[in-house]
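What follows is the residue order along each chain.
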Amino acid sequence: MDVYFIRNGETYFNQLGRMQGWSDTPLTKAGHEEAYKMGRTLGNLGEVAPTIYSSDMNSSIQTVTELNNGMKAAGGKTFKMVTMPELREQFYGSFEGQSKKETYKKISGKSVEETLQEMNFDDMQDKLAKLDPTHLAETSKQFWDRFASGIEKIKQVETKPVIIVTHSAILTALVNIYAPFLLNQIEPNNLSLTKVHFDGDKFSPKIVYYNETVEQNI
């Protein structure tokens, strides 16, 4: 199964440089406008499933709504939306809503870019979970088990390529763990495309491309 992952439109926590996770801030004005604009071009992806999957976070739901508005304006058929908690970003516990810069200083004393040169994304998530005094933050295993179960549910019902609207840390983790040579930018742009192929019973994603736009040669 081929999946076109779309990062949600810009949120207020994105704009403010804060840890988003399960903290559900709405899209900014630019986030709404850019999602609508992207929706007008989604027909360029070719034949895809009529259902678009999304995390159950409001930022993703708002993104799908604007994508559908753009599709409709361009004369296309809108998608049925199915929301899934399995597609949420990693949960950061007491670090939710905190400054990204300050959070990564606590993890490694360095920036996120410098941190990922010393440890992979799973190690970083596990270090954050250990630092969380509430012990609520997910470990990397808890995250991957949750996310993989969501992908498996989609694989059971879809035969065509699928669009999934989700969040930046998931996409960074996918590429960092399964195709680190493609990670030319730590955070994918809002409303960028990352194409991933899932095949077989085992969760073993194959990253086709990362952080592209519909207009580019995909």
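Use the structure listed above.
To keep things clear, this report deals only with the structure shown in the data block. (Residues numbered from 1 in each chain as written. Predicted model: local features only at pLDDT ≥ 70, side-chain atom pairs only at ≥ 80, totals over all residues. Heavy atoms only, no water.)

**Overview of the sheet that holds strand β5 (residues 193-197)**
Just so we agree on the cut-off: One bridge is not enough; two strands pair if DSSP finds at least two bridges between them. Helix numbering and strand numbering both begin at the N terminus, where a helix is a DSSP run of H or I of at least 4 residues and a strand a DSSP run of E of at least 2. Fitted lines through C-alpha atoms serve as axes, helices being fitted only where they are in contact, and the angles separating the N-to-C directions of these axes extend from 0 to 180 degrees. In what follows, residue pairs with any heavy atoms lying within 4.5 Å of each other are defined as contacts.
In space, the 6 strands of this open sheet follow the order β3-β2-β4-β1-β5-β6, with mixed pairing throughout. At either margin of the open sheet sits one strand with a lone partner, and together these are β3 (80-84) and β6 (206-212). Strand-to-strand, the axes of this sheet are offset by a mean angle of 20°, without reference to chain direction. Relative to β5, strand β1 (residues 2-7) runs antiparallel, the two being bridged by 5 bridges. What sits directly across from F5, in β5, is T194. Packing of helix α3 (residues 58-73) onto the sheet brings it into contact with β1, β2 (51-55), β3 and β4 (162-166), and relative to β2 it is tilted by some 155°.

**With respect to the pairing of β4**
How we decide: When a residue's accessible area, from a 1.4 Å probe over protein chains only, is under 20% of the maximum for its type it is buried; when over 50% it is exposed; and in between it is partly exposed.
Within β4, 5 of the 5 residues are buried, leaving the element largely enclosed by the surrounding structure. The alternating pattern of β4 places V162, I164 and T166 and I163 and V165 on opposite faces, both of which are buried. Bridging between β2 and β4 involves 3 bridges; their strand directions are parallel. Bridging from a neighbouring strand, S54 pairs with V165 of β4.

**Examining empty space enclosed by the protein**
Just so we agree on the cut-off: Put simply, the grid is 1 Å and covers the protein atoms alone, a cavity is a trapped set of points that fit a 1.4 Å probe, a pocket is an open set with protein on both sides within 12 Å along at least five of seven lines, and lining residues have an atom within 4 Å of a point. Grid points are joined across faces, edges and corners, and a volume is the space filled by probe spheres set on the points. Throughout, the ten residues Ala, Val, Leu, Ile, Met, Phe, Trp, Tyr, Cys and Pro are labelled nonpolar, Asp, Glu, Lys and Arg are labelled charged, and all others, Gly among them, are labelled polar.
Taken as a whole and judged by the stated rule, the model has 3 cavities of 30 Å³ or more. There is about 150 Å³ of room inside the largest cavity. Forming the walls of the largest cavity are 15 residues, and the residues nearest its centre are K100, Y104, S168, A169 and E187. Mapped onto the lining of the largest cavity, the elements with two or more residues apiece are α4 (100-108) and α8 (168-178). There is about 60 Å³ of room inside the second largest cavity. For the lining of the second largest cavity, the element with the highest residue contribution is helix α6 (residues 121-131), accounting for 4 residues. Counted by class, the lining of the second largest cavity contains 7 nonpolar, 1 polar and no charged residues.

Spatial relationships are all this shows, so hold off on functional conclusions.
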